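Results of the structural survey
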Amino acid sequence: MPDQTPTPPPKPPAAPAVPAGPTINIGEEYGTAKKNLPPAKIVLIAIGVVAVVVLFASFLKRAKPQASGSLDTLAAVAIPGQDSTMVALTFTLRNTSDKTLYVRSLQSSIKAPTGDSTAEAVSAVDFDRYFQAFPALKAGAQAALPPETKVQPGETVARTIIVAFPVTLDAFNQRTSTSVVIWPYNETVPVTLTK
C-alpha cells in the first residue's frame, strides 16, 4: 500500500472579524453633564417656571400695613425764641387686619422746601401743658395716642399727637406734605397717614 498522506482535518468556519482593542469608545466619558443632565432648553424652562412661582408668592406674601386711616386736621404754632414749630396732628386710624395693633412709637414727617424733617411725638402726659402754653394747638384735637395703645381688629379711633419740628412756621407753612408714622410692634411696615 502506498503511503497516503493523511488529509488534514477540515478548517473550522472563519470567525467574524473582531476589531482590535476594546469594544467601547474610551474617548467618550459618561460622567459629563452632556450625558447626565437633560437638554439645556428643558432646564431653562424649568428655571423660568420656578422664578415665576417665587415672584408670584412673594407678591402675595409681601408686608402690608396693618391699618389705614387719614390725617384729618393739623394746628401749628411757632415756638417763641426758637426756630421751631409745634404741631398738633389729629388723625383717624382703622385697624384693617385680624390682629390687635399694638402701637410701639409715633413720629411725624414733613417735606418742606428747606428739606425733609422728622420728629418724634411728645409724651401724652404733657398735652395739657402744651395746650395751656399754646391754646391754638387745641383746635380739633382729640385724645392722645400714647405708645402701648391697643387698637382691636376692625376698631376705628380718632387721636392726636403733638410734635415739634426744627423749622420756622413760615417754612412749615410752605411744606408739600405732612405724614403721621405709626410703628406697630411685630411689624416691618409702619402705618403712614399723609396729607
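It should be emphasised that the depicted structure is a prediction, and the values quoted were computed from it without experimental measurement. (Residues numbered from 1 in each chain as written. Predicted model: local features only at pLDDT ≥ 70, side-chain atom pairs only at ≥ 80, totals over all residues. Heavy atoms only, no water.)

Quick look at the overall build of the protein now. From N to C terminus, the protein includes four helices and eight strands. When the helices and strands of the protein are placed in sequence order, the string is α-α-β-β-β-β-α-β-β-α-β-β. Looking at the protein as a whole, 28% of its 195 residues are labelled buried. Within the protein, residue pairs in contact and separated by at least 24 positions form 71% of the contacts whose partners lie at least 6 positions apart. Entry remark: accessible area of the protein is about 13,100 Å², with carbon and sulfur atoms responsible for 60%. (Helix = DSSP H or I, 4+ residues; strand = E, 2+ residues; numbered from the N terminus. Buried < 20%, exposed > 50% of the residue type's maximum accessible area, 1.4 Å probe, protein only. Contact = heavy atoms within 4.5 Å. Areas by Shrake-Rupley, 256 points an atom, 1.4 Å probe, with all protein chains shown as cover.)

With that out of the way, let us pick up the environment of Val87. As for its placement among the helices and strands, Val87 is situated in strand 2 (residues 84–95). A relative accessible area of 0% means that Val87 is categorised as buried. Leaving out residues up to four positions away in the same chain, Val87 has contacts with Leu74, Ala75, Ala76, Leu137, Ile161, Ile162, Val163, Phe165 and Phe172.

A few words on the packing of aromatic side chains. For the structure on display, the rule yields two aromatic pairs. Measuring from centroid to centroid gives 5.7 Å for Phe127 and Phe131, while their planes differ by 75°, and the two rings are edge-to-face. Linking Phe127 with Phe131, this pair stays in helix 3 (residues 127–133), spanning four residues, or about one helical turn. Each member of the pair, Phe127 together with Phe131, is buried. Note on Phe165 and Phe172: the rings are 6.0 Å apart at their centroids and 25° apart in plane angle, and the pair reads as stacked. (Phe/Tyr/Trp six-rings, centres within 6.5 Å; stacked < 30°, edge-to-face > 60°.)

By way of backbone hydrogen bonds, the strands of a sheet pair with one another, either parallel or antiparallel. In space, the three strands of this open sheet follow the order 1-2-6, with antiparallel pairing throughout. With partners counted over all chains shown, the strands left at the sheet margins are strand 1 (67–79) and strand 6 (156–165), one partner each. On average, each strand axis in the sheet is tilted by 20° relative to the strand beside it, whichever way the strands run. One ladder, built from 12 bridges, connects strand 1 with strand 2; its direction is antiparallel. Looking at strand 2, one finds that Ala67 is bridged to Asn95. (Pairing = 2+ DSSP bridges. Axes fitted to C-alpha atoms, helices over the stretch in contact; angles between N-to-C directions.)

A full pass over the atoms with the stated rule returns one cavity of 30 Å³ or more. Looking at the largest cavity, its volume works out to about 50 Å³. Leu106, Ala121, Val122, Ala124, Phe127, Ala144, Leu145, Pro146, Pro147, Thr160, Ile161 and Ile162 together form the lining of the largest cavity. Looking at which element gives the most residues to the lining of the largest cavity, the answer is strand 6, with three residues. The residue makeup of the lining of the largest cavity, split by class, is 11 nonpolar, one polar and no charged. (1 Å grid on protein atoms, 1.4 Å probe; cavity = no way out; pocket = protein on both sides within 12 Å on 5 of 7 lines; lining within 4 Å. Points joined across faces, edges and corners; volume = space filled by probe spheres on them. Nonpolar A, V, L, I, M, F, W, Y, C, P; charged D, E, K, R; others polar.)

Another aspect to go through is the pattern of salt bridges. In this structure the tally under the stated criterion is one salt bridge. The partner of Arg129 in a salt bridge is Asp126, and the shortest N-O contact between them spans 3.7 Å. A residue is classified by how much of its surface remains accessible, and Asp126, at 23% relative accessible area, is partly exposed. (Salt bridge = Lys/Arg side-chain N within 4 Å of Asp/Glu carboxyl O.)

This next bit is on the pairing of strand 2. Burial runs high along strand 2: 11 of the 12 residues are buried. Taken together, strand 1 and the strand that follows it, strand 2, pair antiparallel across an intervening segment of four residues, in which Gly81 is found at a positive phi of about 80°. Strand direction decides the pairing type here: strand 2 and strand 6, joined by 10 bridges, are antiparallel. Each residue of the ladder has a partner; that of Leu93, found in strand 6, is Val157.

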